[in-house]
Amino acid sequence: MTLLEKCRIFVSPGSLAAIILTAGLLSGCAKPVQETERFFWPPGVRQAKIEYIAFYEKSADARRGEDTRVRDAILGKDKPRPLFNKPMDVASAADGRFYVTDAGLPGVHVIDLEAGETDLLRDEKGNPFEFKMPHGLAVDDWGRVYVGDLVERQVFVFDANHQLMTVIGAGELETPTGIAVTPDGDRIYVVETQRHDIAVFDSRGRLIERRGRRGNGPGQFNYPLDVDLGPDGRLYVVDSLNARIQVLEPDGSFVRAFGERGTALGSFQVPKAIGVDASGHVYVTDARAHRFVIFDLEGRYLLTIGGKQSAAGGVRPGGFLLPGGIDADARDRIFIIDGLNRMVHQFQYLNDAYLQENPIEEGQAVVPEE
């Protein structure tokens, strides 16, 4: 039996980056240390840029202090009833909460990591808000939550207390698939997949303009699916069937495009969703390839994480089954919808502030050997 088999360390099939584990998970194979499991990409302490933090599958996963939760699930001991039915998109807020649209309920989950609680967006009577098919999702710096409904063909806007404020796009939208909002909420960008364009609204919900049309040229789209705003103020758009990311100025002018269809590093099979973090990294989920791909703001390829993996026998960090929505927030936290596994995974870009609070101690990161 190899060391890999003896210690029950899993590397996701098809993954392009090895999983790094701390000596805590290897305690049965090496000298005893504290029970701490840490997973890093790429390999090595000096090279590590991304860390796997947690998964959220049931209500109890939002509670803090469950140190054995990840380990037990990895070893196949934790098979709870899923919290999510058909998760679609995810968006995080500055107060520690994150939101998940669930087309299977249909509804929007509210996961409060500070309070350790989960709930749903509700109406004024306290009942779960009656969406038809919630999909696109965004949160602005005021804590306002924007939810696109593909059947209602409009965007619902809730305030920070989860009270419905207004509805945007009634009679003007067809397929509000992806949403991005400026931090102050002054501009709302809605990806219209079937129209192959982006609708731009002001803070009052008035349609200002539409950008793009069907095609493969600069500023043209072929079934766009998602959009996010970068720290540079630019729009980053998933141009799905053109298998590329387009970067646009706030006024809609074309800046650049990157990515291509294929299986090579930095290419896409079916790009699905996008998130841009505060440190200038672009994260794109590639649903058919069961992975996410990382670029810098200039479109230079940096890293791929993932591989096809069903969670039926236990959660494998870095493994996905049709990943969907993705969000990266001001703290460089990365939340990813794992569609058919019906869960959300949380990763972390290892910025200086995070490493100062969570240093990688000598001997923690261990490369599994076969």
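Provided above is the structure to which this section pertains.
This one's a predicted model, so the numbers in the text were calculated from it and none came from an experiment.

Scoring rules and cut-offs
Residues numbered from 1 in each chain as written. Predicted model: local features only at pLDDT ≥ 70, side-chain atom pairs only at ≥ 80, totals over all residues. Heavy atoms only, no water. Helix = DSSP H or I, 4+ residues; strand = E, 2+ residues; numbered from the N terminus. Contact = heavy atoms within 4.5 Å. Pairing = 2+ DSSP bridges. Axes fitted to C-alpha atoms, helices over the stretch in contact; angles between N-to-C directions. Phe/Tyr/Trp six-rings, centres within 6.5 Å; stacked < 30°, edge-to-face > 60°. Buried < 20%, exposed > 50% of the residue type's maximum accessible area, 1.4 Å probe, protein only.

Undergrad: What should I look at first to understand the overall build of the protein in this one?
TA: A count of helical and extended segments in the protein gives three helices and 25 strands. Long-range pairs, those at least 24 residues apart, make up 45% of the contacts in the protein between residues at least 6 apart in sequence.

Undergrad: Just checking my understanding: could you explain the sheet that holds strand β21 (residues 291-296) for this structure?
TA: Within a sheet, adjacent strands bond to each other through the backbone by hydrogen bonds, running parallel or antiparallel. Ordered in space as β19-β20-β21-β22, the four strands form an open sheet in which the pairing is antiparallel. With one partner strand each, in any of the chains shown, β19 (271-276) and β22 (301-306) form the two edges of the open sheet. For this sheet the average axis-to-axis angle between neighbouring strands, irrespective of direction, equals 20°.

Undergrad: In this structure, what is going on with unusual backbone geometry? I would like to understand it.
TA: With an omega of -15°, the peptide bond between W41 and P42 qualifies as cis. Tracing the sequence through the fold places P42 in the loop between β1 (39-41) and β2 (50-56). Between L105 and P106 the backbone carries a cis peptide bond, its omega angle lying at -10°. Positionally, P106 belongs in the loop between β4 (97-102) and β5 (107-112). In this structure, H162 takes a positive phi of about 70° despite not being glycine. With respect to the element layout, H162 can be found in the loop between β9 (154-158) and β10 (164-168).

Undergrad: Before we go on, may I ask you to explain the packing of aromatic side chains in this structure?
TA: Ring pairs (aromatic) are described by centroid distance and by the angle formed between their planes. The full count for this structure, using the stated rule, is 17 aromatic pairs. When the ring of F129 is compared with that of F156, the centres are 5.3 Å apart and the planes differ by 70°; the resulting orientation is edge-to-face. With F129 in the loop between β6 (117-120) and β7 (134-139) and F156 in strand β9, this residue pair connects regions lying 27 residues apart in the sequence. On the basis of relative accessibility, which here comes to 6%, the residue F156 falls in the buried class. Through a chain of ring-to-ring contacts, three or more aromatic side chains come together here, namely F39, W41, Y52, Y283, F292, F320 and F347.

Undergrad: What is the right way to look at the pairing of strand β23 (residues 323-328) in this model?
TA: Note on strand geometry: in a regular strand, side chains alternate between the two faces of the sheet. Along β23, six of the six residues are buried, which leaves the element largely enclosed by surrounding structure. Where β23 folds back onto strand β24 (residues 333-338) in an antiparallel hairpin, the turn is made up of four residues, including D332, whose phi is positive at roughly 65°.

Undergrad: Just checking my understanding: could you explain the environment of R213 for this structure?
TA: As for its position among the elements, R213 is in the loop between β14 (207-211) and β15 (224-229). Assessed through its relative accessible area of 53%, R213 is described here as exposed. Between the C-alpha atom of R213 and that of Y223, which follows or precedes it by 10 residues, the distance is 9.8 Å. If we ignore the near neighbours within four places in the chain, the residues touching R213 are H196, G219, Q220 and F221.

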